[in-house]
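Survey of secondary and tertiary structure
Listed below are the residues making up each chain.
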Amino acid sequence: MRFLGDLARALIIITAASAAVFGAAVGAYKGGIQIAFAAIKMPLVLLLTAAICAPSWSALRAAVGARASLKTELVRVLGGLAMVALVLAAVAPALLVGVVVGASYHSMAILLCGSAAVAGIAGVAVLIRSRVSGAVWIPLVTFASVFVIVGAQMSWTLRPYLVRPRSPDTPFVRALEGSLIEATARSWDSMKGEYEREYAPLPGEEDPWR
Amino acid sequence: MALASVAVLYVACGLGCAIASMSRPPRSFLDAVIVVPLWPLFGPFLFIRSTGSEPGMAGLLPGPEAVAPLRERLSASKRRLADIDALLRKPSFDLDSVNRRLVSLSAAGASKLAVASALSRRKAIERLAVRRKTLATELEELGELFLQLETQTEVFRVAGHVDESVSDLVADIQARLEGIDEIEAETREPISLGQT
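Now for a look at the structure at hand. What you are looking at is a predicted structure, and each value in this text was computed from that prediction instead of being measured. (Residues numbered from 1 in each chain as written. Chains lettered and ligands numbered in written order. Predicted model: local features only at pLDDT ≥ 70, side-chain atom pairs only at ≥ 80, totals over all residues. Heavy atoms only, no water.)

**A closer look at the overall build of chain A**
Scanning chain A from terminus to terminus reveals 6 helices and 0 strands. The secondary structure elements of chain A, listed N-terminal to C-terminal, are α-α-α-α-α-α. Here chain A, with 210 residues, has 44% of them falling under the buried criterion. A fraction of 71% describes how many contacts in chain A between residues 6 or more apart in sequence connect residues 24 or more apart. Entry remark: accessible area of chain A is about 10400 Å², with carbon and sulfur atoms responsible for 68%. (Helix = DSSP H or I, 4+ residues; strand = E, 2+ residues; numbered from the N terminus. Buried < 20%, exposed > 50% of the residue type's maximum accessible area, 1.4 Å probe, protein only. Contact = heavy atoms within 4.5 Å. Areas by Shrake-Rupley, 256 points an atom, 1.4 Å probe, with all protein chains shown as cover.)

**As for helix H1 (residues 3-22) of chain B**
With 20 residues, H1 of chain B should cover 28 Å at 1.5 Å per step; its first-to-last C-alpha distance of 29 Å lies within 8% of that length. On its buried side, H1 of chain B packs onto helix H2 (33-63) of chain A together with helix H2 (29-47) of chain B. (Expected span 1.5 Å × (residues − 1).)

**Re the pattern of salt bridges**
Summed over the entire model, instances satisfying the criterion amount to 4 salt bridges over all chains. Among the ionic pairs, Arg 9 of chain A bridges to Asp 31 of chain B, the shortest N-O distance being 2.6 Å. Note that Arg 9 of chain A is positioned in helix H1 (residues 4-27) and Asp 31 of chain B in helix H2, a pairing that runs across two chains. Residue Arg 9 of chain A shares its accessibility class with Asp 31 of chain B, and that shared class is buried. In the salt-bridge network here, residues are joined through shared partners; they are Asp 6 and Arg 9 of chain A together with Asp 31 of chain B. (Salt bridge = Lys/Arg side-chain N within 4 Å of Asp/Glu carboxyl O.)

**Examining unusual backbone geometry**
Here the bond from Arg 159 of chain A into Pro 160 of chain A is cis, since omega is 15 degrees, no more than 30 degrees from zero. Note on placement: Pro 160 of chain A falls in the loop between helix H5 (137-157) and helix H6 (180-191).

**Looking at the packing of aromatic side chains**
Ring pairs (aromatic) are described by centroid distance and by the angle formed between their planes. As enumerated under the stated definition, the model contains 4 aromatic pairs over all chains in all. Taking the centre distance of 5.9 Å and the plane angle of 55 degrees together, the rings of Phe 143 of chain A and Phe 147 of chain A count as tilted. In this pair, Phe 143 of chain A and Phe 147 of chain A both sit in helix H5, 4 residues apart, roughly one turn of the helix. Aromatic side chains Phe 42 of chain B and Phe 45 of chain B sit 6.0 Å apart centroid to centroid with 40 degrees between the ring planes, which places their arrangement in the tilted category. Residue Phe 42 of chain B and its partner Phe 45 of chain B are located together in helix H2, separated by 3 residues, close to a single helical turn. Classification of Phe 45 of chain B as buried rests on a relative accessible area of 2%. Cation over ring: Arg 164 of chain A sits above Tyr 105 of chain A, and NZ or CZ is 4.2 Å from the ring centre. (Phe/Tyr/Trp six-rings, centres within 6.5 Å; stacked < 30°, edge-to-face > 60°. Lys NZ or Arg CZ within 6 Å of the ring centre and 35° of its normal.)

**Remarks on the packing of H1 of chain B against H2 of chain B**
Packed helices, taken two at a time, are described by the angle between their axes plus the distance between the axes. Residues and elements named next belong to chain B. Running from N to C, H1 and H2 point in directions that differ by 95 degrees, and their axes come no closer than 8 Å. By the angle class used here, H1 and H2 are roughly perpendicular. Between H1, through Tyr 10, Cys 13, Gly 14, Leu 15, Cys 17, Ala 18, Ala 20, Ser 21 and Met 22, and H2, the contact on the second element is made entirely by Phe 29, Ala 32, Val 35, Val 36, Pro 37, Leu 38, Trp 39, Pro 40, Leu 46 and Phe 47. Residues of the contact of H1 with H2, tallied by class, amount to 17 nonpolar, 2 polar and no charged. (Axes fitted to C-alpha atoms, helices over the stretch in contact; angles between N-to-C directions. Parallel < 35°, antiparallel > 145°, perpendicular 65-115°, else oblique. Nonpolar A, V, L, I, M, F, W, Y, C, P; charged D, E, K, R; others polar.)

Put into C-alpha cells, the structure is as follows:
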C-alpha cells in the first residue's frame with residue numbers, strides 16, 4: 001500500500017484528531033468525563049458516517065461511469081472530511097469562549113450547529129475543487145444528501161455532546177427519542193425564549209409536559 | 001434488524017478485514033485498528049491491488065490530454081523562432097549592412113540624429129539576435145526534455161514503473177515553457193529601426 005493508502009491513513013488520522021479537539025471543546029461545556037466522551041464520539045460521527053456512505057459513493061461513481069479509481073475517489077471524500085474536521089477544530093476556540101463566558105445551553109447548541117454548517121460547506125467545497133470524476137453534479141449532490149441524512153442520524157444516535165452543566169448524570173449515549181430536526185427547531189425556539197416546558201425536569205423526576 | 005445487531009455485524013466485518021490485513025504483508029497494526037470501524041472506507045486501500053491506472057509514481061506522468069497543450073505550445077514557439085529567423089534574413093535587418101551604413105554616415109559627416117538612429121537600429125537588431133539565440137537554445141533543450149518524457153512514458157508502459165525524477169521533469173518542462181513565454185513577450189516588443 002503506497003501513496004493513496006498512506007494519504008488515506010493520514011487523512012483519517014487528521015480527521016479523528018481534529019474532530020476530537022472540537023468534541024472536547026463541546027464537552028467542556030459540561031466538563032469532567034463529558035470532555036472525553038465528546039472527544040471520542042465526534043470523530044466517530046464523522047468517520048462512521050463516511051464509512052457507511054462509502055458504498056453509496058462507489059455505486060454512484062460506477063453509475064456515472066467514473067474514470068478515476070475507487071481509491072482516488074475515496075481519498076477525495078476523505079480530503080473533504082478532513083477539511084470538515086479541521087474547520088471544526090478551528091472554531092473550537094469560539095466554543096471555549098462560550099464556555100468561559102457562561103453562554104446559555106441553547107446559544108451553545110446553535111453555535112455548535114452553525115459551526116457544523118460552516119465546516120460542511122468547507123468540506124463540500126473541497127470535494128468540488130478536487131474534480132470529482134465523471135458527471136460531477138449528480139453524484140456529488142446525491143452523495144452529499146446521503147451523507148447529510150446518515151450523518152444527522154449518526155450524530156443523533158451518539159448524542160449527547162453538549163450537556164447542561166446542571167445535569168447530574170453524563171451518559172455516553174442516550175436512548176433514541178424524536179428526531180434531530182425536531183430538536184434543532186426546539187433549540188431555536190428556546191433560544192428565542194419560547195419554551196415548551198416551564199423547566200427541564202431532572203433525571204428521576206416525572207416530565208408533566210410529555 | 002435491531003441497531004445492536006447491525007452494529008455487531010458491522011464490527012464483525014471490520015474484525016474480519018483486520019485479520020485479513022494482518023495475515024499478509026505489509027502488516028500494519030495501525031491499519032488493522034483503523035480498518036475495524038472504517039472497513040468500507042479504508043478497506044479498498046488494503047485489499048484492492050494497484051493497477052497501471054492507479055496514481056502512484058505513474059500518477060506523476062501527465063496523460064495525453066495534458067501533454068498535447070504543452071506540445072502545441074512548443075510548436076507555436078518553434079513557429080515564432082522561424083518568424084524571427086525570417087525577419088533577421090531581411091536586408092533591413094542585416095547587421096553588416098547597418099554597420100556599413102554607420103561608417104558611411106560618419107564619413108559623410110551626417111547629423112547626430114541620423115547617426116543615433118543608425119546606432120539604435122543596430123542595437124535593436126543585436127537585441128533581437130540575442131533573444132533568438134536564447135529562444136533557440138531553450139527550444140532545443142525543451143525538445144530533449146519532451147523526448148525524455150516520452151521515454152519515461154514508454155518505460156512505464158513496458159516495465160510498469162517510472163523514475164521518481166519524472167515529477168521534476170514535468171515541473172522543469174512547465175517552468176521552461178513559462179520562461180519561453182517571457183522571451184517571446186520580449187521579442188514582441190516593438191523594435192525601432194530608427195530613421196536613416
